[in-house]
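# Reading the structure
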Amino acid sequence: MIWSKEETLSRQEIEAIQLERLQETVNRVYEKVPMYRQKMIDKGIKPSDIKSLKDLAKLPFVTKQDMRDSYPFGLFAVPKEQLVRIHASSGTTGKPTVVGYTANDLKVWTECVSRIACMGGAMPSDVAQICFGYGMFTGALGLHYGLENIGATIVPSSTGNSEKQIMYMKDFGTTLLVATPSYALRLAEVAREIGVNPKKDLNVKIGLVGSELLTDAMREEMHKAWGEDMLVTSNYGMSELMGPGVSGECEYLDGMHINEDFFIPEIINPETGEVLPIGEKGELVITCIKKEGIPLIRYRTKDITRLIYEPCKCGRTFCRMENLSGRSDDMLKIRGVNVFPSQIEEVILSFNELGPHYEIIVTREGYVDKLEIRVELTHTTDSFAVLEKITNAVRAKLKTMLGLDAKVKLESPNTLQRFEGKAKRIKDLRG
């Protein structure tokens, strides 16, 4: 189901909307937000210089650090009296990033999430259980209002108390699950522990997963846990941009459609800031062109992807972003080699003997970096020969994938930490 006619506009119509909204946004932030005005003055740019979409590249970038430096309201383009909602990040690595919404911003947010929910197969008849944490995090309320808007019944169960989550799924007839991939797998694990078969005893047919990278290998783990017929789609967003609703996969699973009438995407070289040609992989930069509370121009997301402009079989004409390769700030540099956690996950999940729960530990001995992977077995075995064979096979495949050697430590089932929110799999202990 395609939610709105804007999703099928021609490229010419999309770009006309983008240019009009970009010019209006640039004028507004120049007038209303001192930081933007100073950044543009420093670059010798005036709003009148933005005559085409190509001129977007003339404008300065905005980063998460800019948001922290402007804490709490320095980047807002409206007075607080016009805000109807405020969200913020956890602030675990510094000051939180604060975002605010006008009444119209909430309407736009609801529209964007309604679209990506429909892309992912949601229907008015669905019972949608939202297992994101409610609160300052934007994920739960974003999906809540978008799914409610299309007519779905909402079960706002939040995170935690996994046995009760399974009870709700069974008793309420949940058909659609909103969760991180890691928590969705944890719920299936708990269900089996209490004698409930997720494939036969529950009716969950759709997984709208987000907040974590969804690799093809992890999608396959979801199918193993919940059933091959489950439609598992990834959707993308971040609180700085709006929350969920920036983009989402359709049933053809060929990249996430970006709501281009509200967001302009670019791909840049993360080291030089140069805009890369269409089809090349780099850092995603997003410009919000319809936000009133806190418009963001050329926001550096740190996420690595590429853009796809070829038509999609679903009929939508918005460009797509390839599922993320990782984040530039999650990338580990080990002995001169760039390593993304997604590469390690791909290797782990290619072994039937290994489960989806793992931990990456990086240490340094003297001047040499050491990489250790702790990963759970699916079944306990006391056979040293079997354990050694699995360990050696994993090490060999990791070396082929990464170009460096890693220590592999096999753990018993249900040993490693489980996560109800975004999984934290990396321990970089190099100091």
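Residues numbered from 1 in each chain as written. Predicted model: local features only at pLDDT ≥ 70, side-chain atom pairs only at ≥ 80, totals over all residues. Heavy atoms only, no water.

### A word on the overall build of the protein chain
When you go through the protein chain residue by residue, the secondary structure sums to 10 helices and 21 strands. In terms of C-alpha radius of gyration, the protein chain reaches 22 Å, essentially the compact-globule figure of 22 Å for 431 residues. Across its three principal axes, the protein chain shows a C-alpha extent of roughly 70 × 55 × 40 Å. Across the 431 residues in the protein chain, those meeting the buried criterion constitute 55%. Across the protein chain, every contact between residues at least 6 apart in sequence was considered, and the portion connecting residues at least 24 apart equals 68%. With the model as given, the accessible surface of the protein chain reaches about 19,100 Å², and the carbon-plus-sulfur share is 50%. Taking the average place of the 56 positive charges on the side chains of the protein chain and the average place of its 59 negative ones, the gap between the two points comes to 3 Å. (Helix = DSSP H or I, 4+ residues; strand = E, 2+ residues; numbered from the N terminus. Rg over C-alpha atoms; globule rule 2.2 N^0.38 Å. Buried < 20%, exposed > 50% of the residue type's maximum accessible area, 1.4 Å probe, protein only. Contact = heavy atoms within 4.5 Å. Areas by Shrake-Rupley, 256 points an atom, 1.4 Å probe, with all protein chains shown as cover. Lys, Arg positive; Asp, Glu negative; His and termini not counted. Charge placed at Lys NZ, Arg CZ, Asp CG, Glu CD.)

### Focus on the pairing of strand β6 (residues 206–209)
Neither face of β6 is open: one carries Ile-206 and Leu-208, the other Gly-207 and Val-209, and all of them are buried. Viewed along the sheet, the connection from strand β5 (residues 176–179) through helix α7 (residues 181–193) into β6 turns out right-handed. Relative to strand β7 (residues 231–238), β6 runs parallel, the two sharing four bridges. The residue of β7 that forms the bridge with Gly-207 is Val-232. The parallel pair β6 and β7 is bridged by helix α8 (residues 216–226), and the resulting crossover is right-handed. (Right-handed = clockwise from strand over helix to strand, strands pointing away. Pairing = 2+ DSSP bridges.)

### What to know about the state of the cysteines
The tally for this structure, following the rule as stated, stands at zero disulfides. Its sulfur unpaired, Cys-112 is 9.7 Å from the next cysteine sulfur, which belongs to Cys-288. Looking at Cys-118, it has no disulfide partner, and the nearest cysteine sulfur is the one in Cys-314, 12 Å off. (Disulfide = S-S within 2.5 Å.)

### Remarks on helix α1 (residues 11–32)
The end-to-end C-alpha distance of α1 is 31 Å, a good match for the 32 Å that 22 residues give at a rise of 1.5 Å each. Listed as buried for α1 are Ile-14, Gln-18, Leu-22, Thr-25, Val-26, Arg-28 and Val-29. One side of α1 carries all its buried residues, which in axial view fall inside an arc of 165 degrees. Turned more than 90 degrees away from the buried face of α1, the exposed residues are Gln-12, Glu-20 and Glu-31. Residues of α1 that are buried sit in contact with α2 (34–43), β10 (263–268) and β11 (282–288). (Expected span 1.5 Å × (residues − 1). Arc of directions from axis to C-beta.)

### Thoughts on the sheet that holds strand β8 (residues 243–249)
Sheet architecture is open: nine strands sit in the order β4-β3-β5-β6-β7-β8-β9-β14-β13, paired in mixed fashion. Two strands in the sheet have a free side with no partner beyond their single neighbour: β4 (153–155) and β13 (307–308). Relative to strand β14 (residues 320–321), strand β9 (residues 256–258) runs antiparallel, the two being bridged by two bridges. Within the sheet, the bridge partner assigned to Met-256 lies in β14 and is Met-321. Its contacts with the sheet put helix α4 (residues 103–119) on β6, β7, β8 and β9, and the angle it makes with β8 is roughly 30 degrees. (Axes fitted to C-alpha atoms, helices over the stretch in contact; angles between N-to-C directions.)

### A word on the pattern of salt bridges
Tallying each qualifying case throughout the model produces 29 salt bridges. With its nearest N and O atoms 2.9 Å apart, the salt bridge here joins Glu-322 to Arg-306. With a gap of 16 residues between them, Glu-322 in the loop between β14 and β15 (326–327) and Arg-306 in the loop between β12 (299–305) and β13 connect regions that are remote in the sequence. For Glu-322, a relative accessible area of 21% corresponds to the partly exposed category. (Salt bridge = Lys/Arg side-chain N within 4 Å of Asp/Glu carboxyl O.)

### Looking at the sheet that holds β15
Taking strand neighbours across the sheet as the criterion, the four strands line up as β10-β11-β12-β15 in an open arrangement whose pairing is antiparallel. Every interior strand has two partners, whereas the edge strands, β10 and β15, have only one. Of the strand pairs in this sheet, β11 and β12 are connected by four bridges, and their pairing is antiparallel. The residue of β12 that forms the bridge with Gly-282 is Thr-305.

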